[in-house]
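If you want the building blocks of each chain, they are given just below.
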Amino acid sequence: MKARDILLQEAEDYIKTCYTELGKTEQETCARLEEIRQEIDQGGTYEHTFEELEHGAKMAWRNSNRCIGRLFWDSMVVRDQRHLEHPEDIYASLLNHIESATNGGKIIPTISVFKPPGPNSEGVRIWNHQLIRYAGYETESGIIGDPASVTFTKTCLDMGWNGNRTDFDVLPLLIQSGDSDPVLFNIPDELVLEVPLTHPDYPSFGDLGLRWYAVPIISDMLLVIGGIRYTAAPFNGWYMATEIGARNFADENRYNALPHVAELMGLSTASETTLWRDRALVEMNVAVLHSYKQAGVSIVDHHTAAAQFKLFEQREAECGRPLTGYWNWLIPPISPATTHIFHHSYDNTLVFPNFLKRSEIND
Ligand code: HEM
Ligand SMILES: N=C(Nc1cccc(CNC[C@@H]2CCCN2)c1)c1cccs1
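Enquirer: Would you mind showing me how to read the overall build of the chain here?
Expert: Regarding its fold elements, the chain presents 10 helices and 16 strands. For 363 residues, the compact-globule estimate of 2.2 N^0.38 gives 21 Å, and the C-alpha radius of gyration of the chain, at 22 Å, lies within 12% of that figure. Taken along the three principal axes of its C-alpha coordinates, the chain extends 70 × 50 × 35 Å. Counting contacts in the chain only where the partners sit at least 6 residues apart, residues at least 24 apart contribute 66% of the total. By element, 51% of the accessible surface of the chain is carried by carbon and sulfur atoms, the whole surface being about 17500 Å². Distance between charge centroids for the chain: 3 Å, based on 30 positive and 50 negative side chains.

Written out as C-alpha cells, the structure reads:
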C-alpha cells in the first residue's frame, strides 16, 4: 500500500469513530471524508479541524494502556497551537501552558498541540523529556541532581547553558521548529511551582532538603491521530505520589534517598530482614502526599488512583468500548497487590488515536 493509501485508510477509520462519538450524521461524515480524500490527493496530507484535534487528543489519552489516570479523559483542555512557527512563539506558548495547567496548584490536565511535519515542513520538536525537570551533572565525586537527566543536561551545557549545579536546577527548554537549529530558553522561576518535602511525624525530614515540582508535563511523545503524527504535543496531568516517592527519590539510580530516610527514622540498615527499606519507602510516600496536600497541589495516592481506574473500566464497559491496558505499568510500585489491578489481566492491544514514544515509530 502506498503511503497516501495508508494515510487515507487511517483518516477514514478515525473520522468514522470520531464523528460517531460526537453524534454527527452519516451525511456529515461522508461529506468530511470526501473533503479529506481531495486534500490528500492534492497535497499528500490533510488538516484536522479543531473539533477533530480536540476529540482525538482525548481519545489518545483514553487509549493510553499504561495510564492509571484515564477516568478524566474527557475533561482535558486542548490548546491548538498549530499556527505557531517561530521558536520564540512556541516558547511563549509553553510558558502559557505551564502557567494555565499549574493553576495555582489546582492542576488542570492540558495538552498543547503544535504544527506536525508536512510534505514541505519539518514540524516542531521539543527535546526535553518533560517541560519541567531537574538537571543531572556527572562529577568526580558522583552525580549532582537527577541522574536521569545527565545526558540531556550535557547537551544543554554544550549549547552554552549553565546551571547552578544544585540537586534541583530546572533545565531549560530546547525547542526545534522547521529545519532551523534547536534553541535554548530558560523557564522563569516564578512559573515553576515546587513543593518542599516534610513529614507529619518526623520533624527532621525537612532537613533532607528534598523538593519536587508540581506539574509533570511529558513533552517527548508523539500524538498520533488519524494517521497524522504530532511530534510536539506536551501534555500534563497531576502526579500519582508513588512516581515521586517510590521511584524518583527511591531508585538507586535516581535520588537514592531511602538510606537517608531510614537514618532519620532511627532504623538500622545493617540487615535487609528488618525491612528498613520498605519502612523508609512508605514514610517517603507519606511525606510526598502530606507535602503536596499542605502546599495545595493536586496529587493522588495509588489506592484512590486504582479506585478511579476501576470506575474508568466500568464506564468504558457501559459505553461498549473494549478496555485495553498494560498490567506491568498499571500496577503501582508499592503495595500493588492491595489494588484490584494486580488481580486482573489486561489486553495490551494498541488502539489509535494514541501516544507513542519516538522509539516505537517504525516507518
Ligand atoms: C490526570 C492525572 C493523571 C495521572 C494521575 C496519571 C498517572 C499516570 C502514571 C502513574 C503513569 C505511569 C508513569 C510512569 O510509571 O512513569 C502514567 C502513564 C501515562 N499517562 Fe497518565 N496520568 C494522568 C493524566 C494523563 C494525561 C492527561 C495524559 C495524556 C493526555 C496521560 C497519558 C499517559 C501516557 C501516554 C502514559 C504512558 C507513558 C509512557 O509510555 O512512558 N496521562 N499516567
Ligand atoms: N502523572 C504523570 N506521570 C507520567 C505519565 C507519563 C509518563 C511519565 C514518565 N514516565 C517515564 C519514567 C521514566 C521511566 C519509567 N517512568 C510520567 C503524568 C505526566 C503527564 C501527564 S500525567
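Past the structure itself, the notes keep going.
Enquirer: Looking at this structure, I do not really get the coordination of the iron atom of ligand 1. What am I missing?
Expert: Each donor-metal-donor angle would ideally measure 109.5 degrees in four-coordinate tetrahedral geometry, or 90 or 180 degrees in six-coordinate octahedral geometry. When only protein atoms are considered, the iron atom of ligand 1 has one donor, Cys-67 (SG), at a distance of 2.4 Å. Relative to the assigned elements, Cys-67 resides in the loop between helix 3 (50-62) and strand 1 (77-81).

Enquirer: Looking at this structure, how should I read the site of ligand 2?
Expert: Every residue near ligand 2 is listed here: His-129, Pro-216, Ile-218, Phe-235, Asn-236, Gly-237, Trp-238, Tyr-239 and Glu-243. Contacts to ligand 2 include Glu-243, whose side-chain N or O atom sits 2.6 Å from a nitrogen atom. Expressed as a share of its isolated accessible area of 520 Å², the protein-covered part of ligand 2 is 64%. Classifying every residue of the shell around ligand 2 by side-chain character gives five nonpolar, three polar and one charged.

Enquirer: What is the right way to look at the site of ligand 1 in this model?
Expert: Around ligand 1, the structure places 17 residues, and the nearest of them are Trp-61, Arg-66, Cys-67, Phe-235 and Lys-357. Trp-61 is positioned such that a nitrogen or oxygen atom in its side chain is 3.4 Å from a nitrogen atom of ligand 1. Residue Lys-357 places a side-chain N or O atom 2.9 Å away from an oxygen atom belonging to ligand 1. Among the elements of the structure, strand 13 (235-236) and strand 16 (354-357) are those that each provide at least two residues to the shell around ligand 1. Partitioning the shell around ligand 1 into residue classes produces 11 nonpolar, three polar and three charged.

Enquirer: Honestly, helix 1 (residues 3-21) in this entry has me stumped. Any pointers?
Expert: Helical geometry: 3.6 residues make up each α-helical turn, so side chains three or four residues apart lie on a common side. The terminal C-alpha atoms of helix 1 lie 27 Å apart, and with 19 residues this matches the ideal 27 Å at 1.5 Å per residue to within 8%. For helix 1, the set of buried residues is Leu-7, Ala-11, Glu-12, Tyr-14, Ile-15, Cys-18 and Tyr-19. Contacts made by the buried residues of helix 1 are with helix 2 (26-43), helix 3, strand 11 (221-225) and strand 12 (228-230). Residue Gly-23 follows helix 1 closely and has a positive phi angle near 75°.

Enquirer: What should I look at first to understand the pairing of strand 6 (residues 173-177) in this one?
Expert: Residues in a regular strand point their side chains to alternate faces of the sheet. Of all five residues making up strand 6, five are buried, and the element is well covered by its neighbours. Sheet topology places strand 3 (residues 124-126) next to strand 6; three bridges connect them, and they run antiparallel. Within strand 6, the position partnered with Ile-126 by the bridge is Ile-175. By the bridge criterion, three bridges tie strand 6 to strand 7 (residues 183-185) in an arrangement that is antiparallel. Bridging from a neighbouring strand, Ile-175 pairs with Val-183 of strand 7. Here strand 6 folds back onto strand 7, and the loop between the two strands holds five residues, one of which, Gly-178, carries a positive phi near 60°.

Enquirer: Sorry, what's going on with the sheet that holds strand 3 here?
Expert: Hydrogen bonds between backbone atoms are what pair the strands of a sheet, whose relative direction is either parallel or antiparallel. Taking strand neighbours across the sheet as the criterion, the three strands line up as 3-6-7 in an open arrangement whose pairing is antiparallel. Bordering the open sheet on either side are strand 3 and strand 7, each of which pairs with just one other strand. The sheet shows a mean angle of 25° between the axes of neighbouring strands, taken without regard to direction. The strands touched by helix 4 (residues 87-102) within the sheet are strand 3, strand 6 and strand 7, with strand 6 carrying the most contacts at an inclination of about 135°.

Enquirer: Teacher, can you tell me more about the sheet that holds strand 16 here?
Expert: Pairing is antiparallel across the open sheet formed by three strands, whose spatial order is 12-11-16. In the strand order of this sheet, the two ends are held by strand 12 and strand 16, each with one partner. Recorded for the sheet is a direction-independent mean angle of 35° between the axes of neighbouring strands. Sheet topology places strand 11 next to strand 16; four bridges connect them, and they run antiparallel. Among the inter-strand pairings, Val-224 is bridged to a residue of strand 16, identified as Asn-354. Its contacts with the sheet place helix 3 against strand 11, strand 12 and strand 16, and it is angled at close to 120° to strand 11.

Enquirer: Explanation requested: the pattern of salt bridges in the structure shown.
Expert: Here the idea is simple: oppositely charged side chains can pair when their charged atoms come close. Counted by the stated rule, this structure contains 17 salt bridges. A salt bridge links Glu-21 to Arg-62; the nearest nitrogen and oxygen atoms lie 2.8 Å apart. On the criterion of sequence distance, the pair formed by Glu-21 in helix 1 and Arg-62 in helix 3 is long-range, its members being 41 residues apart. Its salt-bridge partner being Arg-82, residue Asp-80 comes within 2.8 Å of it at the nearest N-O pair. Asp-80 gets classed as partly exposed once you look at its relative accessible area, which sits at 24%. Residue classification places Arg-82 among the buried positions, given a relative accessible area of 13%. Members of the salt-bridge network, linked through shared partners, are Glu-21, Arg-62, Glu-316 and Arg-321.

About the cut-offs
Residues numbered from 1 in each chain as written. Chains lettered and ligands numbered in written order. Predicted model: local features only at pLDDT ≥ 70, side-chain atom pairs only at ≥ 80, totals over all residues. Heavy atoms only, no water. Helix = DSSP H or I, 4+ residues; strand = E, 2+ residues; numbered from the N terminus. Rg over C-alpha atoms; globule rule 2.2 N^0.38 Å. Contact = heavy atoms within 4.5 Å. Areas by Shrake-Rupley, 256 points an atom, 1.4 Å probe, with all protein chains shown as cover. Lys, Arg positive; Asp, Glu negative; His and termini not counted. Charge placed at Lys NZ, Arg CZ, Asp CG, Glu CD. Donors = N, O, S within 2.8 Å, 3.2 Å for Na, K, Ca; no water. Near = heavy atom within 4 Å. Polar contact = N/O pair within 3.5 Å; in protein donor to acceptor, adjacent residues only side chain to side chain. Nonpolar A, V, L, I, M, F, W, Y, C, P; charged D, E, K, R; others polar. Expected span 1.5 Å × (residues − 1). Buried < 20%, exposed > 50% of the residue type's maximum accessible area, 1.4 Å probe, protein only. Pairing = 2+ DSSP bridges. Axes fitted to C-alpha atoms, helices over the stretch in contact; angles between N-to-C directions. Salt bridge = Lys/Arg side-chain N within 4 Å of Asp/Glu carboxyl O.

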